[in-house]
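Residue-level listing of the chains:
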Amino acid sequence: MSPRGEAADAMSVNPAPPGPSPSGNLAILPLLAAAAFATGCGMRLLDPLLPLVARDLHSTVAEVAVLITAFALPYGFCQVLLGPLGDRFGKLRVLTIGLVSYGVAMAACAMAGSLGQMIALRAATGAAGGAIIPLALAWIGDNVPYQERQATISRFMTGMVMAQLLTGPVSGSIGQAFGWRSVFLVTATVALLTAAAIAATLGTRLWRGQPAKAGRFGFTRYAELLRRRPARLLLLTAFLDGLLLFGGAFPFIGSYLIQDFHLEPWQAGLVVAGFGLGALVYTRTARRLLDWLGEMRLMLVGGLLLSVALAALALAPVWQMVAVLQALIGLFFFGFHGVLQARSTEALPEARATAVSAFAMALFLGQGIGSICFGVLLRHGGYSAGFLTAALLMAVLTLWTRGMLQRPD
């Protein structure tokens, strides 16, 4: 049996029928990737700017660090509303409105005169930005047959990956030369120009079409999703993925480099950006990897090699080894996580935006709890104990996920 055939037979989360053929619809995919890039910039642009913002707003770095949370919390919690809105009124329509709102709020951040104003505007930015990536993934699910979907999603995610690679260095350079407010204005410009390009490309198609019937809208769709055992297990996997990686191991690699290897913050930032290099390799090779390994083996190999890389990270004797491992971690992570993303687009095909938003929400909740758990591990065992624990649990999660995805309904 070919790898593609194996992937199709292994489907257990509402297998997709032969879907629509990728066609001219996908001409808009680069613009959706640009929208993801703008969102990714908003998530990360403050990383090198906190001292500058603190100085101008007469605060400390510790006080302005709340601006990171002010973006993340609304971004995650607003998924509850944004997914059903996308299903009701049209995914690209809600995405475009969200992108415009995001750009306007980002520009307003550049005008903030106090920390309180900045917190409120960052919250608005996060709330609007939450409409972009989940609704784009759901739209891809509507327009690409499952056999091609993961490779297509990898092309779309190039925008987010490039944001991870470029935002830190570019934001720091622009902020140093022209001030931190200029960084927000540049990001706002990217978002608004992208929204205008999407609207121009789609024309009246963006606004045509009747909203979905109201009878099966909103929280009723979430109840329907949770009644499906494969969907519940997929959401649990997303939660654990966020707990172990997004909130657990990944955010602490920079501080590991600074505290254990005595790198300067900017040096640690460059090393951490190596994750984006590995992720970029994945986006360029995802189709070939799927053809070669098939979906299930790609998920299994990616997850297990990620576990090995995390264990090696805990034992690395020099920072140069951490740099190499960071690139490998980016590649292996997306081999595992990309399968979960693709499956989320089939968890509830009749309400894809709701399902993908629920997936994003589960990932976010795991991230929030994971940072607390990893902090406890650090206090009691240090970075090595934390990364080794994450490595072991990641291996267990990978094996459990493979069995879960192959189990029939």
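Calculation rules
Residue positions are counted from 1 within each chain, in the order its sequence is given. A pLDDT threshold of at least 70 governs which residues receive local features in this predicted model, and a stricter bar of 80 or more applies before side-chain atom pairs are shown or counted, although totals over entire chains, interfaces and linings include all residues. Water and hydrogen atoms were dropped before computing side-chain values, which therefore reflect all heavy atoms in the structure. Numbering goes from the N terminus for both helices and strands, where a helix is a DSSP run of H or I of at least four residues and a strand is a run of E of at least two. Burial classes follow relative accessibility: with a 1.4 Å probe on protein chains only, a residue under 20% of its type's maximum area counts as buried, one over 50% as exposed, and anything between as partly exposed. Residues are treated as being in contact if the distance between any of their heavy atoms lies within 4.5 Å. Here the accessible surface of atoms and residues is derived via Shrake-Rupley with a 1.4 Å probe, and residues count as covered only by protein chains that are part of the display. Between the N-to-C directions of two axes lies an angle of 0 to 180 degrees, each axis being a line fitted to C-alpha atoms and, for a helix, fitted only over the stretch in contact. Orientation labels follow simple angle bins: below 35 degrees gives roughly parallel, above 145 gives roughly antiparallel, 65 to 115 gives roughly perpendicular, and whatever is left gives oblique. Under the scheme applied here, ten amino acids are nonpolar (Ala, Val, Leu, Ile, Met, Phe, Trp, Tyr, Cys and Pro), four are charged (Asp, Glu, Lys and Arg), and all others, including Gly, are polar. Between the rings of Phe, Tyr and Trp (Trp by its six-membered ring), a pair exists once the centres lie within 6.5 Å; its type follows the angle of the planes, with under 30 degrees stacked, over 60 edge-to-face, and the other angles tilted. When a carboxyl oxygen of Asp or Glu lies within 4 Å of a side-chain nitrogen of Lys or Arg, that pair is called a salt bridge. Working definition of a nonpolar core: buried Ala, Val, Leu, Ile, Met, Phe, Trp, Tyr and Cys residues. They are joined through side-chain atoms within 4.5 Å.

Peer 1: Looking at this structure, I do not really get the overall build of the protein. What am I missing?
Peer 2: A tally of helices and strands in the protein yields 20 helices and 0 strands. Dimensions of the protein, computed from C-alpha atoms along their principal axes, come out at roughly 55 × 50 × 35 Å. Burial statistics for the protein: of 409 residues in total, 54% are counted as buried. In the protein, 85% of the contacts between residues at least 6 apart in sequence involve partners at least 24 apart. Here the protein displays about 16700 Å² of accessible surface, and carbon together with sulfur accounts for 69% of that area.

Peer 1: Could you clarify how one ought to interpret the packing of helix α15 (residues 253–260) against helix α19 (residues 319–344) in this entry?
Peer 2: Think of two packed helices as two axes; the pair is described by the angle between the axes and how far apart they sit. Running from N to C, α15 and α19 point in directions that differ by 170°, and their axes come no closer than 11 Å. Between α15 and α19, the angle falls in the class roughly antiparallel. Across from Ile 253, Tyr 256 and Leu 257 in α15, the residues of α19 making contact are Trp 319, Val 322 and Gln 326. Per-class residue counts for the contact of α15 with α19 are 5 nonpolar, 1 polar and no charged.

Peer 1: What should I look at first to understand the packing of aromatic side chains in this one?
Peer 2: Geometrically, a pair of aromatic rings is defined through the distance of the ring centres and the angle of the planes. Evaluation of the coordinates by the stated rule reveals 17 aromatic pairs. For the ring pair Phe 77 and Phe 364, a centre distance of 5.2 Å and an interplane angle of 75° mean the geometry is edge-to-face. Remark: Phe 364 occurs in helix α20 (residues 352–406) and Phe 77 occurs in helix α5 (residues 66–77); sequence separation between them is 287 residues. Here Trp 180 and Phe 184 contribute two aromatic rings whose centre-to-centre distance is 5.8 Å and whose plane-to-plane angle is 85°, an arrangement assigned as edge-to-face. With Trp 180 and Phe 184 both in helix α12 (residues 180–202) and 4 residues apart, this pair spans about one turn of that helix. Among the residues examined, Phe 184 registers a relative accessible area of 0% and is labelled buried.

Peer 1: Help me understand the environment of Gly 330, please; the structure alone is not making it clear to me.
Peer 2: Position of Gly 330 among the secondary structure elements: in helix α19. Each C-alpha atom of the pair Gly 330 and Leu 305 lies 11 Å from the other, and the pair is 25 residues apart in sequence. When residues no more than four places from it in sequence are discounted, the contact partners of Gly 330 are Phe 275, Gly 278 and Ala 279.

Peer 1: Is there a simple way to explain unusual backbone geometry in this structure?
Peer 2: Glycine aside, residues mostly have negative phi angles, and peptide bonds mostly take the trans form. Positive phi outside glycine occurs at His 58, with the angle close to 55°. With respect to the element layout, His 58 can be found in the loop between α3 (50–56) and α4 (61–64). Positive phi is not limited to glycine here, since His 262 has a value of about 60°. Along the polypeptide, His 262 turns up in the loop between α15 and α16 (265–272).

Peer 1: Mind showing me how you'd approach the pattern of salt bridges here?
Peer 2: Any two side chains of opposite charge can pair if their charged atoms end up close together. Going through the model one piece at a time under the given rule, you end up with 11 salt bridges. A salt bridge links Arg 343 to Glu 295; the nearest nitrogen and oxygen atoms lie 2.7 Å apart. Within this pair, whereas Arg 343 is found in helix α19, its partner Glu 295 is found in helix α18 (residues 295–315), the two being separated by 48 residues in sequence. For Glu 295, a relative accessible area of 4% gives the class buried. Within this structure, Asp 87, Lys 91, Asp 142, Arg 149, Glu 346 and Arg 352 form a network of salt bridges that share partners.

Peer 1: Is there a simple way to explain the packing of α5 against α20 in this structure?
Peer 2: Where α5 meets α20, the closest approach of the two axes is 8 Å, and the angle between their N-to-C directions is 140°. Classed by the angle they form, the pair α5 and α20 counts as oblique. Residues Ala 72, Leu 73, Gly 76 and Phe 77 of α5 pack against Met 361, Phe 364 and Leu 365 of α20. Across the contact of α5 with α20, the residue classes tally to 6 nonpolar, 1 polar and no charged.

Peer 1: Would you mind showing me how to read the side chain of Ser 344 here?
Peer 2: With respect to the secondary-structure elements, Ser 344 resides in helix α19. The exposure class assigned to Ser 344 is buried, which follows from its relative accessible area of 1%. Those residues in contact with Ser 344 that lie beyond four places of it in its chain are Leu 234, Ala 355, Val 356 and Phe 359.

Peer 1: Whenever I open this one, the environment of Gly 242 confuses me. Can you help?
Peer 2: Tracing the chain through its elements places Gly 242 in helix α14 (residues 229–249). For Gly 242 and Arg 379, which are 137 residues apart along the polypeptide, the C-alpha to C-alpha distance reads 21 Å. Once residues lying within four places of it in the same chain are set aside, the contact partners of Gly 242 are Gly 247, Gly 248, Leu 363, Gly 366 and Gln 367.

Peer 1: Can you help me understand the nonpolar core in this one?
Peer 2: In summary, soluble globular proteins display a tendency toward joint burial of nonpolar side chains. Grouped together as the largest cluster of nonpolar side chains are 65 residues, with contacts concentrated most on Leu 310, Leu 313, Val 322 and Phe 387. Those elements that provide at least two residues to this core are α13 (219–226), α14, α15, α16, α17 (274–293), α18, α19 and α20. Per element, the largest residue contribution to this core is 14 residues, and it comes from α20. When near neighbours in sequence (up to four residues on either side) are disregarded, Leu 313 contacts Ile 253, Tyr 256, Val 322, Leu 325, Ile 329 and Phe 387. Leu 46, Leu 115, Ile 140 and Val 183 belong to the second largest nonpolar core, which has 59 residues in total.

All quantities given are derived from atomic positions and should not be read as evidence of function.
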